[in-house]
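Each chain, letter by letter, is given below.
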Amino acid sequence: MFHIDISIDGKAVSKKSSTYIIAEAGVNHNGDMCLAKEMIDAAAEAGVDAVKFQNFRTDGLILKNTGKAPYQKVTTDYSETQYDMLKRLELSRKQNEELMVYCKEKNITFLSTPFEKSSLEELDDLGVPAFKVAATDLTNIQFLRQVAEKGKPIILSAGMCYLEEVKRALDAIYPINKEVILLQCTANYPIQNSEANINVIRTLQDEFHILVGYSDHSQGVGAAPYAVAVGAKLVEKHFTLDKNMEGPDHKASVTPKELKQLVEDIRRVEEYLGDGVKMPSCSEQMTRKSLQKCLVASKDIKAGEKFRNENIVAKRTDGIGISALYFDEIVGRTAGKDFAADEIIRVD
(Lines give C-alpha, C1' and ligand atoms only; values in the text may rest on other atoms or scores of the structure.)
Protein backbone atom coordinates (compact mmCIF):
# COMPACT_ATOMS: atom_id res chain seq x y z
CA MET A 1 0.00 0.00 0.00
CA PHE A 2 1.19 3.51 -0.65
CA HIS A 3 0.42 7.19 -0.41
CA ILE A 4 -1.28 8.92 -3.32
CA ASP A 5 -2.36 12.53 -3.82
CA ILE A 6 -6.10 12.95 -4.20
CA SER A 7 -8.37 15.63 -5.65
CA ILE A 8 -11.93 16.21 -4.43
CA ASP A 9 -13.96 18.51 -6.65
CA GLY A 10 -10.77 20.24 -7.79
CA LYS A 11 -9.21 20.66 -4.34
CA ALA A 12 -6.06 18.73 -3.52
CA VAL A 13 -5.74 16.47 -0.50
CA SER A 14 -2.08 15.57 -0.11
CA LYS A 15 0.76 15.60 2.38
CA LYS A 16 1.54 19.18 1.30
CA SER A 17 -2.00 20.55 0.92
CA SER A 18 -3.96 22.51 3.47
CA THR A 19 -6.36 20.47 5.58
CA TYR A 20 -9.57 19.57 3.79
CA ILE A 21 -12.45 20.41 6.15
CA ILE A 22 -15.88 18.77 5.94
CA ALA A 23 -18.87 20.12 7.86
CA GLU A 24 -20.93 17.02 8.65
CA ALA A 25 -24.59 17.94 8.39
CA GLY A 26 -25.46 14.25 8.53
CA VAL A 27 -29.11 13.87 9.49
CA ASN A 28 -29.24 17.11 11.51
CA HIS A 29 -31.55 18.58 8.86
CA ASN A 30 -34.34 16.53 10.53
CA GLY A 31 -35.88 15.88 7.12
CA ASP A 32 -36.54 19.61 6.60
CA MET A 33 -35.13 21.04 3.33
CA CYS A 34 -35.26 24.61 4.59
CA LEU A 35 -33.17 23.56 7.56
CA ALA A 36 -30.79 21.66 5.28
CA LYS A 37 -30.22 24.78 3.16
CA GLU A 38 -29.68 26.90 6.26
CA MET A 39 -27.00 24.39 7.25
CA ILE A 40 -25.33 24.78 3.85
CA ASP A 41 -25.38 28.56 4.36
CA ALA A 42 -23.74 28.15 7.78
CA ALA A 43 -21.09 25.77 6.44
CA ALA A 44 -20.22 28.12 3.58
CA GLU A 45 -20.00 31.04 6.02
CA ALA A 46 -17.65 29.06 8.24
CA GLY A 47 -15.23 28.56 5.34
CA VAL A 48 -15.19 24.76 5.13
CA ASP A 49 -14.41 22.93 1.89
CA ALA A 50 -17.47 20.67 1.83
CA VAL A 51 -20.75 20.01 3.57
CA LYS A 52 -21.77 16.37 3.88
CA PHE A 53 -25.15 14.74 4.29
CA GLN A 54 -26.15 11.08 4.63
CA ASN A 55 -28.03 9.08 2.01
CA PHE A 56 -29.80 5.83 2.77
CA ARG A 57 -32.85 3.79 1.94
CA THR A 58 -33.93 2.51 5.33
CA ASP A 59 -35.33 -0.78 4.03
CA GLY A 60 -31.94 -1.63 2.52
CA LEU A 61 -30.04 -0.54 5.61
CA ILE A 62 -31.67 -2.07 8.66
CA LEU A 63 -33.97 -4.79 9.89
CA LYS A 64 -37.17 -3.38 11.35
CA ASN A 65 -36.58 -4.83 14.80
CA THR A 66 -33.00 -3.51 15.19
CA GLY A 67 -32.53 -1.57 18.42
CA LYS A 68 -31.07 1.91 18.70
CA ALA A 69 -27.46 2.57 19.63
CA PRO A 70 -27.02 3.64 23.27
CA TYR A 71 -26.46 7.30 22.39
CA GLN A 72 -29.55 7.29 20.14
CA LYS A 73 -31.71 6.10 23.04
CA VAL A 74 -30.58 9.14 25.02
CA THR A 75 -31.03 11.74 22.26
CA THR A 76 -34.30 10.56 20.65
CA ASP A 77 -37.69 9.22 21.63
CA TYR A 78 -36.96 6.00 23.51
CA SER A 79 -40.11 4.32 22.24
CA GLU A 80 -39.29 5.01 18.57
CA THR A 81 -37.45 2.22 16.73
CA GLN A 82 -34.20 2.86 14.89
CA TYR A 83 -36.02 1.93 11.68
CA ASP A 84 -38.72 4.56 12.22
CA MET A 85 -36.15 7.17 13.23
CA LEU A 86 -34.14 6.61 10.04
CA LYS A 87 -37.22 6.46 7.85
CA ARG A 88 -38.19 10.02 8.73
CA LEU A 89 -34.62 11.25 8.13
CA GLU A 90 -34.28 9.91 4.57
CA LEU A 91 -33.45 12.32 1.75
CA SER A 92 -34.93 11.50 -1.65
CA ARG A 93 -32.99 11.66 -4.91
CA LYS A 94 -34.80 14.87 -5.79
CA GLN A 95 -33.87 16.41 -2.44
CA ASN A 96 -30.22 15.41 -2.85
CA GLU A 97 -30.18 16.94 -6.31
CA GLU A 98 -31.72 20.14 -4.96
CA LEU A 99 -29.07 20.33 -2.21
CA MET A 100 -26.28 19.75 -4.73
CA VAL A 101 -27.51 22.66 -6.84
CA TYR A 102 -27.77 24.85 -3.77
CA CYS A 103 -24.20 23.95 -2.75
CA LYS A 104 -22.95 24.99 -6.20
CA GLU A 105 -24.67 28.35 -5.77
CA LYS A 106 -22.88 28.75 -2.41
CA ASN A 107 -19.51 27.61 -3.85
CA ILE A 108 -19.19 24.69 -1.47
CA THR A 109 -18.79 21.01 -2.35
CA PHE A 110 -21.72 18.68 -1.72
CA LEU A 111 -20.80 15.28 -0.29
CA SER A 112 -22.92 12.50 1.10
CA THR A 113 -22.39 9.14 2.77
CA PRO A 114 -24.12 6.21 1.05
CA PHE A 115 -25.16 3.42 3.42
CA GLU A 116 -26.22 0.74 0.95
CA LYS A 117 -26.03 -0.01 -2.77
CA SER A 118 -29.13 1.87 -3.94
CA SER A 119 -28.06 5.12 -2.25
CA LEU A 120 -24.53 4.61 -3.64
CA GLU A 121 -25.88 4.28 -7.18
CA GLU A 122 -28.06 7.34 -6.72
CA LEU A 123 -25.20 9.53 -5.48
CA ASP A 124 -22.88 8.30 -8.22
CA ASP A 125 -25.51 9.10 -10.84
CA LEU A 126 -25.88 12.60 -9.36
CA GLY A 127 -22.13 13.16 -9.78
CA VAL A 128 -20.98 13.35 -6.16
CA PRO A 129 -17.17 13.83 -6.47
CA ALA A 130 -16.15 11.49 -3.63
CA PHE A 131 -17.70 8.94 -1.30
CA LYS A 132 -17.51 8.94 2.48
CA VAL A 133 -17.85 5.44 3.88
CA ALA A 134 -19.09 5.43 7.46
CA ALA A 135 -17.50 3.34 10.20
CA THR A 136 -20.54 1.06 10.12
CA ASP A 137 -19.37 -0.18 6.71
CA LEU A 138 -15.62 -0.56 7.26
CA THR A 139 -16.22 -4.30 7.77
CA ASN A 140 -18.75 -4.52 4.92
CA ILE A 141 -16.39 -5.96 2.30
CA GLN A 142 -19.07 -6.38 -0.37
CA PHE A 143 -20.11 -2.74 -0.09
CA LEU A 144 -16.50 -1.48 0.03
CA ARG A 145 -15.86 -3.13 -3.33
CA GLN A 146 -19.04 -1.60 -4.76
CA VAL A 147 -17.87 1.87 -3.66
CA ALA A 148 -14.35 1.28 -4.98
CA GLU A 149 -15.67 0.30 -8.41
CA LYS A 150 -17.10 3.81 -8.87
CA GLY A 151 -13.52 5.04 -9.33
CA LYS A 152 -13.93 8.10 -7.11
CA PRO A 153 -11.96 9.11 -3.99
CA ILE A 154 -13.02 7.22 -0.87
CA ILE A 155 -12.99 8.75 2.61
CA LEU A 156 -13.04 5.71 4.88
CA SER A 157 -13.90 6.07 8.56
CA ALA A 158 -12.03 3.66 10.84
CA GLY A 159 -14.30 3.98 13.85
CA MET A 160 -15.11 1.11 16.23
CA CYS A 161 -12.66 -1.29 14.59
CA TYR A 162 -9.34 -3.08 15.05
CA LEU A 163 -6.19 -2.48 13.00
CA GLU A 164 -6.54 -5.89 11.35
CA GLU A 165 -10.04 -4.94 10.20
CA VAL A 166 -8.66 -1.74 8.64
CA LYS A 167 -6.06 -3.82 6.82
CA ARG A 168 -8.68 -6.20 5.46
CA ALA A 169 -10.85 -3.27 4.31
CA LEU A 170 -7.93 -1.71 2.44
CA ASP A 171 -6.99 -5.08 0.97
CA ALA A 172 -10.51 -5.23 -0.50
CA ILE A 173 -10.44 -1.67 -1.86
CA TYR A 174 -6.87 -1.23 -3.12
CA PRO A 175 -6.90 -3.73 -6.02
CA ILE A 176 -9.79 -1.68 -7.44
CA ASN A 177 -9.19 1.90 -6.26
CA LYS A 178 -6.14 3.40 -4.55
CA GLU A 179 -7.64 6.85 -3.92
CA VAL A 180 -8.36 6.36 -0.22
CA ILE A 181 -8.21 8.72 2.76
CA LEU A 182 -8.42 6.84 6.04
CA LEU A 183 -10.02 8.58 9.03
CA GLN A 184 -9.23 7.88 12.65
CA CYS A 185 -12.55 8.00 14.47
CA THR A 186 -14.07 7.06 17.80
CA ALA A 187 -17.65 6.18 16.94
CA ASN A 188 -19.66 7.52 19.83
CA TYR A 189 -21.59 10.81 20.11
CA PRO A 190 -20.02 12.60 21.90
CA ILE A 191 -16.77 11.04 23.10
CA GLN A 192 -14.74 11.71 26.22
CA ASN A 193 -11.46 13.55 25.69
CA SER A 194 -9.55 10.41 26.63
CA GLU A 195 -11.23 8.54 23.76
CA ALA A 196 -10.03 10.83 20.95
CA ASN A 197 -6.77 8.87 20.54
CA ILE A 198 -5.43 11.09 17.78
CA ASN A 199 -2.05 9.33 17.97
CA VAL A 200 -3.73 6.54 15.98
CA ILE A 201 -3.26 8.89 13.01
CA ARG A 202 0.48 8.19 13.21
CA THR A 203 -0.18 4.47 13.62
CA LEU A 204 -2.29 4.39 10.45
CA GLN A 205 0.27 6.46 8.52
CA ASP A 206 3.12 4.19 9.57
CA GLU A 207 1.18 0.98 8.96
CA PHE A 208 -0.39 1.79 5.60
CA HIS A 209 1.58 4.76 4.15
CA ILE A 210 -1.73 6.40 3.34
CA LEU A 211 -3.35 9.81 3.66
CA VAL A 212 -5.00 9.96 7.08
CA GLY A 213 -7.60 12.32 8.52
CA TYR A 214 -9.77 12.61 11.59
CA SER A 215 -13.52 12.30 12.10
CA ASP A 216 -14.05 14.28 15.28
CA HIS A 217 -16.80 13.39 17.74
CA SER A 218 -15.33 15.27 20.70
CA GLN A 219 -17.31 18.10 22.25
CA GLY A 220 -16.99 21.70 21.08
CA VAL A 221 -14.14 22.65 18.75
CA GLY A 222 -12.45 19.71 20.41
CA ALA A 223 -9.68 17.49 19.11
CA ALA A 224 -9.70 18.35 15.40
CA PRO A 225 -7.05 21.14 15.42
CA TYR A 226 -4.76 18.89 17.48
CA ALA A 227 -5.31 16.09 14.97
CA VAL A 228 -3.99 18.41 12.25
CA ALA A 229 -0.83 18.93 14.30
CA VAL A 230 -0.40 15.14 14.42
CA GLY A 231 -0.78 14.83 10.64
CA ALA A 232 -4.47 14.73 9.70
CA LYS A 233 -4.98 15.98 6.14
CA LEU A 234 -8.79 15.87 6.25
CA VAL A 235 -11.08 16.68 9.16
CA GLU A 236 -14.82 16.28 9.48
CA LYS A 237 -17.03 17.58 12.27
CA HIS A 238 -20.76 17.24 12.93
CA PHE A 239 -22.59 20.56 13.18
CA THR A 240 -26.11 21.74 13.88
CA LEU A 241 -28.06 24.97 13.95
CA ASP A 242 -29.40 24.15 17.41
CA LYS A 243 -28.03 21.56 19.85
CA ASN A 244 -31.41 21.37 21.57
CA MET A 245 -33.26 20.01 18.53
CA GLU A 246 -34.58 16.48 18.71
CA GLY A 247 -32.43 14.04 16.79
CA PRO A 248 -29.60 11.52 17.28
CA ASP A 249 -26.63 13.80 16.55
CA HIS A 250 -27.53 17.37 17.55
CA LYS A 251 -26.12 17.28 21.08
CA ALA A 252 -22.76 15.95 19.88
CA SER A 253 -22.47 18.62 17.15
CA VAL A 254 -20.91 22.07 17.07
CA THR A 255 -22.85 25.27 16.46
CA PRO A 256 -22.16 27.43 13.37
CA LYS A 257 -20.09 29.75 15.60
CA GLU A 258 -18.03 26.81 16.86
CA LEU A 259 -17.67 25.48 13.31
CA LYS A 260 -16.22 28.81 12.20
CA GLN A 261 -13.87 28.76 15.19
CA LEU A 262 -12.83 25.24 14.24
CA VAL A 263 -11.84 26.38 10.75
CA GLU A 264 -9.92 29.36 12.14
CA ASP A 265 -8.10 27.15 14.66
CA ILE A 266 -7.13 24.60 12.01
CA ARG A 267 -5.79 27.28 9.69
CA ARG A 268 -3.83 28.75 12.61
CA VAL A 269 -2.35 25.32 13.40
CA GLU A 270 -1.29 25.02 9.75
CA GLU A 271 0.50 28.36 10.03
CA TYR A 272 2.25 27.16 13.16
CA LEU A 273 3.28 23.90 11.47
CA GLY A 274 4.96 25.59 8.50
CA ASP A 275 6.54 23.67 5.65
CA GLY A 276 8.97 21.54 7.65
CA VAL A 277 12.07 23.00 5.97
CA LYS A 278 14.68 23.92 8.58
CA MET A 279 16.16 27.27 7.62
CA PRO A 280 16.07 30.82 9.00
CA SER A 281 12.73 32.53 8.46
CA CYS A 282 12.59 35.92 6.74
CA SER A 283 12.25 37.66 10.09
CA GLU A 284 15.24 35.74 11.47
CA GLN A 285 17.65 36.83 8.76
CA MET A 286 18.38 40.26 10.28
CA THR A 287 18.33 38.82 13.80
CA ARG A 288 20.82 36.20 12.69
CA LYS A 289 23.10 38.89 11.30
CA SER A 290 22.99 40.82 14.57
CA LEU A 291 23.26 37.94 17.04
CA GLN A 292 25.22 35.07 15.53
CA LYS A 293 28.97 35.22 16.04
CA CYS A 294 31.98 35.35 13.73
CA LEU A 295 35.67 34.78 14.40
CA VAL A 296 37.92 37.64 15.58
CA ALA A 297 41.45 37.84 16.94
CA SER A 298 41.49 37.52 20.74
CA LYS A 299 44.99 39.07 20.78
CA ASP A 300 47.46 40.51 18.27
CA ILE A 301 48.38 37.93 15.61
CA LYS A 302 51.47 38.35 13.41
CA ALA A 303 51.58 37.43 9.72
CA GLY A 304 52.83 33.84 9.39
CA GLU A 305 51.53 32.87 12.84
CA LYS A 306 49.10 29.97 13.10
CA PHE A 307 45.51 30.53 14.16
CA ARG A 308 45.09 28.70 17.46
CA ASN A 309 42.52 28.16 20.16
CA GLU A 310 44.40 30.76 22.20
CA ASN A 311 44.36 33.61 19.67
CA ILE A 312 40.91 33.56 18.11
CA VAL A 313 37.46 33.89 19.65
CA ALA A 314 33.82 34.26 18.52
CA LYS A 315 32.04 37.62 18.89
CA ARG A 316 29.07 39.40 17.35
CA THR A 317 30.22 41.36 14.29
CA ASP A 318 26.99 42.33 12.47
CA GLY A 319 27.43 39.19 10.40
CA ILE A 320 30.79 40.26 8.94
CA GLY A 321 33.50 37.65 8.65
CA ILE A 322 33.73 33.89 9.06
CA SER A 323 30.99 32.15 11.03
CA ALA A 324 32.12 30.63 14.32
CA LEU A 325 30.68 27.41 12.91
CA TYR A 326 33.94 27.05 10.90
CA PHE A 327 36.28 27.35 13.91
CA ASP A 328 37.82 23.90 13.31
CA GLU A 329 38.56 24.74 9.64
CA ILE A 330 40.39 27.95 10.62
CA VAL A 331 42.49 26.61 13.51
CA GLY A 332 45.88 25.53 12.16
CA ARG A 333 45.84 27.80 9.13
CA THR A 334 48.49 30.52 8.74
CA ALA A 335 47.64 34.20 9.08
CA GLY A 336 48.41 35.99 5.83
CA LYS A 337 48.62 39.40 7.54
CA ASP A 338 48.86 41.01 10.93
CA PHE A 339 45.63 41.05 12.95
CA ALA A 340 45.04 43.38 15.87
CA ALA A 341 43.02 42.22 18.87
CA ASP A 342 39.27 42.24 18.05
CA GLU A 343 39.98 42.46 14.32
CA ILE A 344 37.65 40.28 12.22
CA ILE A 345 39.46 37.26 10.88
CA ARG A 346 39.66 36.99 7.12
CA VAL A 347 41.56 34.38 5.13
CA ASP A 348 42.42 34.08 1.46
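Please refer to the structure higher up on the page.
Scope of this entry: the structure provided in the associated data block. These figures come from a predicted structure and were not determined experimentally.

**A word on the pairing of strand S10 (residues 234–238)**
Most of S10 sits out of view: five of its five residues are buried. Inspection of the sheet shows strand S9 (residues 211–216) paired to S10 by three bridges, in the parallel sense. Bridging across to S10, serine 215 finds its partner in glutamate 236. For the segment spanning S9, helix H10 (residues 224–230) and S10, crossover handedness is right-handed.

**Digging into the sheet that holds strand S6 (residues 131–133)**
Pairing within the open sheet is parallel, and its eight strands lie in the order S5-S4-S3-S10-S9-S8-S7-S6. Two strands lie at the open edges of the sheet, namely strand S5 (109–114) and S6, each paired on one side alone. Sheet twist, expressed as the average angle between the axes of neighbouring strands with direction ignored, equals 25 degrees. Bridge count for S6 against strand S7 (residues 154–158) is three bridges, and the pairing is parallel.

**Notes on the pairing of strand S8 (residues 180–185)**
In terms of residue burial, S8 counts as a mostly covered element, since six of its six residues are buried. Here S8 shows two buried faces, one formed by Val180, Leu182 and Gln184 and the other by Ile181, Leu183 and Cys185. Where S7 meets S8, five bridges bridge the pair, whose relative direction is parallel. What sits directly across from alanine 158, in S8, is glutamine 184. Chirality of the crossover, the property in question, places the unit of S7, helix H8 (residues 163–173) and S8 among those that are right-handed. Strand direction decides the pairing type here: S8 and S9, joined by five bridges, are parallel. Along S9, the bridge assignment pairs glutamine 184 with tyrosine 214. Running through helix H9 (residues 200–208), the crossover from S8 to the neighbouring parallel element S9 is right-handed.

**A short note on the pattern of salt bridges**
This model, assessed by the stated rule, comprises 22 salt bridges. Measuring nitrogen to oxygen at the nearest pair gives 3.8 Å for the salt bridge that ties aspartate 124 to lysine 150. Pair noted here: aspartate 124 is in helix H6 (residues 117–126) and lysine 150 is in the loop between helix H7 (141–148) and S7, with a separation of 26 residues, a long-range link. With relative accessibility at 22%, the residue aspartate 124 sits in the partly exposed group. Taking the relative accessible area as the measure of exposure, lysine 150 reaches 23% and is therefore partly exposed. Here arginine 308 and glutamate 310 are joined by a salt bridge, their closest N and O atoms 3.5 Å apart. It is possible to trace a salt-bridge network through shared partners that takes in Lys117, Glu121, Asp124, Lys150 and Lys152.

Basis of the calculations
Residues numbered from 1 in each chain as written. Predicted model: local features only at pLDDT ≥ 70, side-chain atom pairs only at ≥ 80, totals over all residues. Heavy atoms only, no water. Buried < 20%, exposed > 50% of the residue type's maximum accessible area, 1.4 Å probe, protein only. Helix = DSSP H or I, 4+ residues; strand = E, 2+ residues; numbered from the N terminus. Pairing = 2+ DSSP bridges. Right-handed = clockwise from strand over helix to strand, strands pointing away. Axes fitted to C-alpha atoms, helices over the stretch in contact; angles between N-to-C directions. Salt bridge = Lys/Arg side-chain N within 4 Å of Asp/Glu carboxyl O.

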